[in-house]
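The residues making up each chain are set out below.
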Amino acid sequence: MQNNLNDILNKPQLSKEDVVTLISLRKSDDKALVFEKAAEIRKETIGNKIYLRGLVEYSNICRKNCFYCGIRASNTNVDRYELNEEEVLMCAQHAYDHGYGSFVLQSGERISKNFVKKIGDILKAIKKLSDGKLGITLSCGEQTKETYQYWYNCGAHRYLLRFESSDSDLYYTIHPQDKLHQFGNRMLALKHLKEVGYQVGSGMMIGLPGQNFINLADDLMLLQKLDIDMVGMGPYIEHAETPLYQFKKNLIPKSDRLELALLTIAVLRILMKDINIATATALDSLSSDGREKAIKAGANILMPNLTPVSYRENYFLYDNKPYLTEADELIEKLNNSPELADFDICLNDWGDSKHFQKRV
Ligand code: 5AD
Ligand code: SF4
């Protein structure tokens, strides 16, 4: 295998078949070669740098009913909340004061005029408090092109919208098949985001029930086809109050899911050398050093959670979400990690995707 594997790793472009071969590797010696290659590419292309985004989970109110998600609209066991502007600004100030460089505002999907305006007001206020210096990423679901443009004009410059799965059959086994959850609309939203001028991020869940290596390879190829600037992808973690929970027994074991997620990150780094790859929080619910391992594997973006602690337990997208990790402690931990000794955590830097810089 190793000769064949070296041939694949040295190709200038990977085919889908190559990607399937790489993500299905099971022997640790083989996987080590993939991780080595990803590390080498990262060092050469973007350097061993980690950029920070302070994450705020603005509201768990959502109009959608994704079958995997703990805050889906039909889950009546959730205390719904929405931060006020002052609370968000306190978090933004924390990010700014601690040199995070960038801020992510994430929310359940809502489309009311009131919601759109509130987000716009918050964006303007964050720009004002940081004298334009704090970069802002939004992750507020599918919206009209006009809303994306409005938020862009208010100061957001990056947007994360995962496609969750590139296979439309799988997409409809994890989402209701109705007007609100159309795969085509997700693709259209990603197109609109690019047209408006955002740095666009997308991604998928890894280890979904019913997902195979070919699906996962298709997901990676779609990221490449969409010429995406940043990726947030992480392991699927079951949540007891969701419809997908019934397939729990079909899931791959958690340790294998972590391994698969790490390998997928490394393969993505080989496939798309200069993009930003975020470390999903879900990795830490599989292992306390999941995010550290993801950085080693090829990710370069860390998103410490700044949501006020009293709200965090209501933003349970999945079971075992690590909700008490303090942002500054997490950074300290990574700073002191022997595994990451040759990495720099960059402060006061937007850490834009190199891919985006080249694209425009
Ligand atoms: N496991 C892992 N990730 C999840 N998300 C939602 N529910 C889960 C889950 N059960 C992810 C989705 C969404 C992002 C905000 O959180 O991919 O895009
Ligand atoms: Fe809402 Fe996002 Fe959860 Fe889907 S994944 S139910 S859109 S918060």
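Residues numbered from 1 in each chain as written. Chains lettered and ligands numbered in written order. Predicted model: local features only at pLDDT ≥ 70, side-chain atom pairs only at ≥ 80, totals over all residues. Heavy atoms only, no water.

Caption draft 1: Looking closely at the overall build of the protein. Per the secondary structure count, the protein includes 14 helices and 11 strands. By the compact-globule yardstick of 21 Å for 360 residues, the protein fits well, its C-alpha radius of gyration being 19 Å. On the principal axes, the C-alpha backbone points of the protein span a range of 60 × 45 × 40 Å. For the protein, restricting intrachain contacts to residue pairs at least 6 apart in sequence, the fraction spanning at least 24 positions comes to 76%. Charge centroids of the protein, computed over 45 positive and 48 negative side chains, lie 4 Å from each other. (Helix = DSSP H or I, 4+ residues; strand = E, 2+ residues; numbered from the N terminus. Rg over C-alpha atoms; globule rule 2.2 N^0.38 Å. Contact = heavy atoms within 4.5 Å. Lys, Arg positive; Asp, Glu negative; His and termini not counted. Charge placed at Lys NZ, Arg CZ, Asp CG, Glu CD.)

Caption draft 2: Region of interest: the nonpolar core. Among the nonpolar cores identified, the biggest contains 106 residues, and V34, F103, W151 and L220 are the most heavily contacted of them. No other element matches helix α10 (residues 254–271), which puts 11 residues into this core. If sequence neighbours within four positions are ignored, F103 has contacts with G54, V56, V88, C91, A92, A95, I126, L134, G135, I136, T137 and L306. Formed by seven residues, the second largest nonpolar core is a distinct cluster that contains L55, V104, I301 and C346. (Core = buried A, V, L, I, M, F, W, Y, C linked by side-chain atoms within 4.5 Å. Buried < 20%, exposed > 50% of the residue type's maximum accessible area, 1.4 Å probe, protein only.)

Caption draft 3: Quick look at the packing of aromatic side chains. Summed over the entire model, instances satisfying the criterion amount to nine aromatic pairs. Centre to centre, the rings of Y152 and Y198 are 5.1 Å apart; their planes meet at 70°, and the pair counts as edge-to-face. One end of the pair, Y152, is in helix α6 (residues 145–154); the other, Y198, is in the loop between α8 (183–196) and β6 (199–202), and 46 residues separate them in sequence. The class of Y152 is partly exposed, set by a relative accessible area of 30%. Y198 sits in the buried class, given a relative accessible area of 0%. On the numbers, 5.5 Å between centres and 85° between planes, the contact of Y171 with Y172 is edge-to-face. (Phe/Tyr/Trp six-rings, centres within 6.5 Å; stacked < 30°, edge-to-face > 60°.)

Caption draft 4: Structural detail: α6. Within α6 the residues assigned to the buried category are T147, Y148, W151 and C154. All buried residues of α6 fall inside an arc of 125° around its axis, so they share one side. Counted as exposed and oriented over 90 degrees from the buried face of α6: E146 and N153. Contact partners of the buried residues in α6: α5 (113–129), β4 (135–139), β5 (158–160) and α8. Once α6 finishes, G155 follows within two positions and takes phi at roughly 130°, a positive value. (Arc of directions from axis to C-beta.)

Caption draft 5: Here's a closer look at the site of ligand 2. Residues in close proximity to ligand 2 include C62, K64, C66, Y68, C69, I71, R72 and G108, which together make up its full environment. Residue composition of the shell around ligand 2, by class: five nonpolar, one polar and two charged. (Near = heavy atom within 4 Å. Nonpolar A, V, L, I, M, F, W, Y, C, P; charged D, E, K, R; others polar.)

Caption draft 6: How the structure looks around the pairing of β4. The buried count for β4 comes to five of five residues, which makes it a mostly enclosed element. Where burial is concerned, the two faces of β4 agree: the one with G135, T137 and S139 and the one with I136 and L138 are both buried. As defined by bridge partners, strand β3 (residues 102–107) adjoins β4 across five bridges and the pair is classed as parallel. Within the sheet, the bridge partner assigned to S102 lies in β4 and is G135. The handedness of the β3 to β4 crossover, carried by α5, is right-handed. Where β4 meets β5, two bridges bridge the pair, whose relative direction is parallel. Pairing of L138 across the sheet is with Y159, part of β5. The β-α-β motif built from β4, the intervening α6 and the parallel element β5 has right-handed crossover chirality. (Pairing = 2+ DSSP bridges. Right-handed = clockwise from strand over helix to strand, strands pointing away.)

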